[in-house]
Amino acid sequence: MKKLLSLILAMLMLAMPVFSGAEEAAVSTSTAMLQAAAQQDFATKYVLQGQEEIVDLNVEISDLTMSMTQVPADQAAMVKELLNAIGFRVTFQTAENQAQGGLALLLGGDEAVNAKVAYADKNLYAASNLLGDKIVQVTGPQVKQLVNQLIDQAVADGKISQENVDSLKKFYREFREDPISAIMKLIGQPDFQPLMAALQSFVMNVKTEEVTEAPEAFPAAKNVLIVPITKEGLDSVLTELAKVVWSMPVTQKLASMAKEGPKTEEEMIAAFTKASNALAEDAEVRVYLDDTGMNYYITGDVKVAKDGETKAISYCQLIQVMDNGMHMEMQVSMDSGEKVNGVMDMTMADGQANMTYHITSEDMQNGVAYQPVEEIINMNVATTETSKDVTMDVTMRIKENPDAEQVGMVMKAVAKETDLGDHAEGQGTFTTSMEGIGDLMTISINKKTDIAEAYIITPDAVQPMAMSEEELNAFGQEISTNAMMVLISVLPKLPQGLQQMLMGQ
């Protein structure tokens, strides 16, 4: 099992290329981020025009999943019915330096419990059907007071030191006055010269040669770049890099606050140089290039020492760039027999992008060869000026040993977003299933933009933090009574079987 986990980890590494005033400043930054997102997302475009985005999420659990829980059949049916009836709704809108978001629990498509939070003029507002018709306000000074109370309590409980609190407050003040200067103080003035010298010494050993005999996997090779990886050179680069990182005030401050990790420059160097210390001997990487310099083939062999054992690891990667896409092959192999292979193809033309990525592993146990893991990824993206369609299928098959039954998991995602001229709509589903057996769970998402709701920002909001103890107790009792009424009103929305169980019938 340990070997299987290591192979899965290696495969995930191969898969990485697939997946690769403070308040006024915050509002400005958020707006800039939204504007950037609007270039890629139709819904965000309409939110910036003042509309509200509404996203509904529902989860459907299959009979197969319930059977795997080993819950008695009568209870399983009831639990499944309840889970399938539950949904969630998220809303967001923004306009003129104010914003409002909401979250609701849905039962049978209707809102059972909801809550909204809004921000304007440094004040926070909250409303919920649990609060009845009351809108709660927390002012900027009250927020500051509450934060200070929480910090003081954390200091009293020993969760953070007063020194660190004072340091964070000082940085906050400096950041409000001059953000760039405050950030530069965190970085300090590290001396990069020793690091650059170490890198230069490392690079000086790199040499280029004409290819006299091209590798079988890359017959178009014309030149080869030979990069020596010496323990001494790598150790020097990593040591100087660790010194640069440690010299930054932010690093030492975070180190003093963290419970674990390097606490001194020496410990930081030791953490960085683990890679060079793991090298059992010097190695080299060869990068073969064709005439264009766009296509290449990388090979490298390295020996790693761990727990008194030396393991030889070989790596090779082929990249071929074409007019409408690329092709990649990658392989990692160990002298103990394990191998991980990856083949990727990508094409892009006329608003269509397609990718397939096939990852496999090889191993041998008791003289019998088998395939522990296989992963197949297919993805397609089609875009026009008014639509975007995405489909993605991932199949992962696992086999623990040559005699074990192969288990396959399938994940499929389908999403579509459309710009309808006056608003945007989108739908998506994510389904997980067991290959050849059936579905386990389906998540459905529906979203749209529509006319924004009225903001809960009002001068009539109540301020609990400004209430006397007597007023606060009365307010709390009022909320408790109202919340109980809301929960009682939810009962008719529950599945019939669950209603009968709760009512003792």
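Starting afresh in each chain, residues are numbered from 1 along the sequence in its written order. In view of the model being predicted, local features appear only for residues whose pLDDT reaches at least 70, and side-chain atom pairs are presented and counted only at 80 or more, with totals across whole chains, interfaces and linings using the full set of residues. Note that the side-chain values use all heavy atoms of the structure and ignore hydrogens as well as water.

A.B. asks: How should I be thinking about the pattern of salt bridges in this particular structure?
C.D. replies: Opposite charge on two side chains permits pairing when their charged atoms draw close. Here, a salt bridge means any Lys or Arg side-chain nitrogen found within 4 Å of an Asp or Glu carboxyl oxygen. One pass over the structure, following the stated rule, counts 16 salt bridges. As a salt-bridge pair, Asp 56 and Arg 89 come within 2.7 Å of each other at their nearest N and O atoms. Here the residue Asp 56 occupies a position in strand β1 (residues 52-61), and Arg 89 occupies one in strand β2 (residues 86-95), the gap between them amounting to 33 residues. Relative accessibility decides the category of a residue: with a 1.4 Å probe and only protein chains considered, values under 20% of the type maximum give buried, values over 50% give exposed, and everything between is partly exposed. By relative accessible area, Asp 56 is classed as buried at 17%. Residue class for Arg 89 comes out buried when judged on its relative accessible area of 19%. Counting from the N terminus, the helices are DSSP H or I runs at least four residues long and the strands are E runs at least two residues long.

A.B. asks: Looking at this structure, how should I read the packing of aromatic side chains?
C.D. replies: Given two aromatic rings, one states the distance between the centres and the angle between the planes to describe the pair. In summary, the pairing rule links any two rings of Phe, Tyr or Trp, Trp by its six-membered ring, whose centres are within 6.5 Å, and it sorts them by plane angle into stacked for under 30 degrees, edge-to-face for over 60 and tilted for everything else. Summed over all chains, the structure comprises 2 aromatic pairs. Ring plane angle 35° and centroid distance 5.9 Å describe the contact between Phe 171 and Phe 175, whose orientation is recorded as tilted. Highlighted residues: Phe 171 and Phe 175, both in helix α7 (residues 162-177), separated by 4 residues, approximately one helical turn. Residue class for Phe 171 comes out partly exposed when judged on its relative accessible area of 27%. With a centroid separation of 6.3 Å and an interplanar angle of 35°, the aromatic rings of Tyr 288 and Tyr 297 are classed as tilted. Pair check on accessibility: Tyr 288 and Tyr 297 agree, each one buried.

A.B. asks: Even after reading the chapter, I still don't get the packing of helix α10 (residues 231-247) against helix α11 (residues 249-257), so can you show me in this structure?
C.D. replies: Helices that pack against each other are described as a pair by the angle of their axes relative to one another and the distance between those axes. Interaxial angle, 0 to 180 degrees, is taken between N-to-C directions of lines fitted to C-alpha atoms, where a helix line uses only the stretch in contact. One can describe the packing of α10 onto α11 by two numbers: an axis separation of 5 Å at closest approach and a directional angle of 80°. Here α11 runs roughly perpendicular to α10, going by the angle between their axes. Each of Val 245, Trp 246 and Ser 247 in α10 lies in contact with α11, whose residues at this interface are Pro 249, Thr 251, Gln 252 and Ala 255. All residues other than Ala, Val, Leu, Ile, Met, Phe, Trp, Tyr, Cys, Pro, Asp, Glu, Lys and Arg, Gly among them, are scored as polar; the first ten of these are nonpolar and the last four charged. Residues belonging to the contact of α10 with α11 are distributed by class as follows: 4 nonpolar, 3 polar and no charged. Geometric relationships in this document are graded by angle, where less than 35 degrees denotes roughly parallel, more than 145 denotes roughly antiparallel, 65 to 115 denotes roughly perpendicular, and other angles denote oblique. What makes two residues a contact is simply this: any of their non-hydrogen atoms within 4.5 Å.

A.B. asks: What is the right way to read the packing of α10 against helix α12 (residues 265-272) from this model?
C.D. replies: It is the contact of α10 with α12, at a shortest axis distance of 8 Å, that shows an interaxial angle of 135°. Accordingly, the angle class assigned to the pair α10 and α12 is oblique. Like other packed secondary-structure pairs, α10 and α12 cross with a definite hand, here right-handed. Note on element contacts: α12 touches α10 through Glu 265, Met 268, Ile 269 and Phe 272, opposite Leu 238, Thr 239, Leu 241, Ala 242, Lys 243, Val 245 and Trp 246. Here the residues of the contact of α10 with α12 are counted per class, giving 8 nonpolar, 1 polar and 2 charged. Working rule for handedness: look at the near helix, and if it is turned counterclockwise from the far one by less than a right angle, call the crossing left-handed; if clockwise, right-handed.

A.B. asks: Can you walk me through a positive patch on the surface in this structure?
C.D. replies: Residues Lys 122, Lys 144, Lys 169, Lys 170, Arg 173 and Arg 176 make up a contiguous surface patch of positive charge. Considering every element that reaches the positive patch, the biggest residue donor is α7, with 4 residues. In this structure, Arg 176 sits in helix α7. A patch is a set of surface residues, each over 30% in relative accessible area and not in a salt bridge, joined within 9 Å for like charges and within 5 Å for the nonpolar side chains Val, Leu, Ile, Met, Phe, Trp and Tyr. Here, Shrake-Rupley sampling with a 1.4 Å probe gives the accessible areas, and only protein chains in the shown set may cover a residue. His residues and chain termini do not enter the charge count, which takes Lys and Arg as positive and Asp and Glu as negative. For the purpose of locating charges, the reference atoms are NZ of Lys, CZ of Arg, CG of Asp and CD of Glu.

A.B. asks: Sorry if this is basic, but what is going on with the environment of Thr 292 here?
C.D. replies: The residue Thr 292 is located in the loop between β9 (283-289) and β10 (296-306) in this model. Residue classification places Thr 292 among the exposed residues on the basis of a relative accessible area of 54%. For Thr 292 and Tyr 172, which are 120 residues apart along the polypeptide, the C-alpha to C-alpha distance reads 51 Å. Between N or O atoms, a polar contact is any pair within 3.5 Å; within protein, one atom must be a potential hydrogen donor and the other a potential acceptor, and residues adjacent in sequence are included only when both atoms are from side chains. Polar contacts involving the side chain of Thr 292 include one to the side chain of Asp 290, which spans 2.8 Å.

A.B. asks: Looking at this structure, I do not really get the side chain of Asn 341. What am I missing?
C.D. replies: Tracing the sequence through the fold places Asn 341 in strand β13 (residues 339-349). On the accessibility criterion, Asn 341 (12% relative accessible area) is buried. A polar contact is formed between the side chain of Asn 341 and the side chain of Gln 331, at a distance of 2.6 Å.

A.B. asks: Could you clarify how one ought to interpret the pairing of strand β16 (residues 373-383) in this entry?
C.D. replies: Taken together, the 9 bridges between strand β14 (residues 352-365) and β16 define a ladder with antiparallel strand orientation. Residue Met 355 lies in a different strand from β16, and its bridge partner there is Met 379. Of the pairings in the sheet, the one linking β16 to strand β17 (residues 387-398) comprises 11 bridges and is antiparallel in character. Considered in β17, the bridge of Glu 374 is made with Arg 397. Hairpin connection between β16 and β17: a loop of 3 residues separates the two successive antiparallel strands. Think of it this way: DSSP has to see at least two bridges between two strands before they count as a pair.

A.B. asks: I would appreciate a short explanation of the confidence of the model for the protein chain in the present structure.
C.D. replies: Close inspection of predicted coordinates is inappropriate for parts of the model with low pLDDT. As a per-residue quantity, pLDDT reports the predictor's confidence and falls between 0 and 100. Across the protein chain, pLDDT averages 87, with 90% of residues at or above 70. The low-confidence segment residues 1-27 (pLDDT under 50) makes 47 contacts with residues lying over four places distant or belonging to another chain.

A.B. asks: Would you explain α10 in this entry?
C.D. replies: Spacing of three or four residues puts side chains on the same side of an α-helix, whose turn is 3.6 residues. Multiplying 1.5 Å by the residue count of a helix minus one yields the expected span of that helix. Its 17 residues place the ends of α10 24 Å apart at the C-alpha level, agreeing with the 24 Å of an ideal helix rising 1.5 Å per residue. Buried within α10 are the following residues: Gly 233, Leu 234, Val 237, Leu 238, Thr 239, Glu 240, Ala 242, Val 244 and Trp 246. Lining the buried residues of α10 we find α9 (193-204), β8 (223-229), α11, α12 and α13 (274-278).

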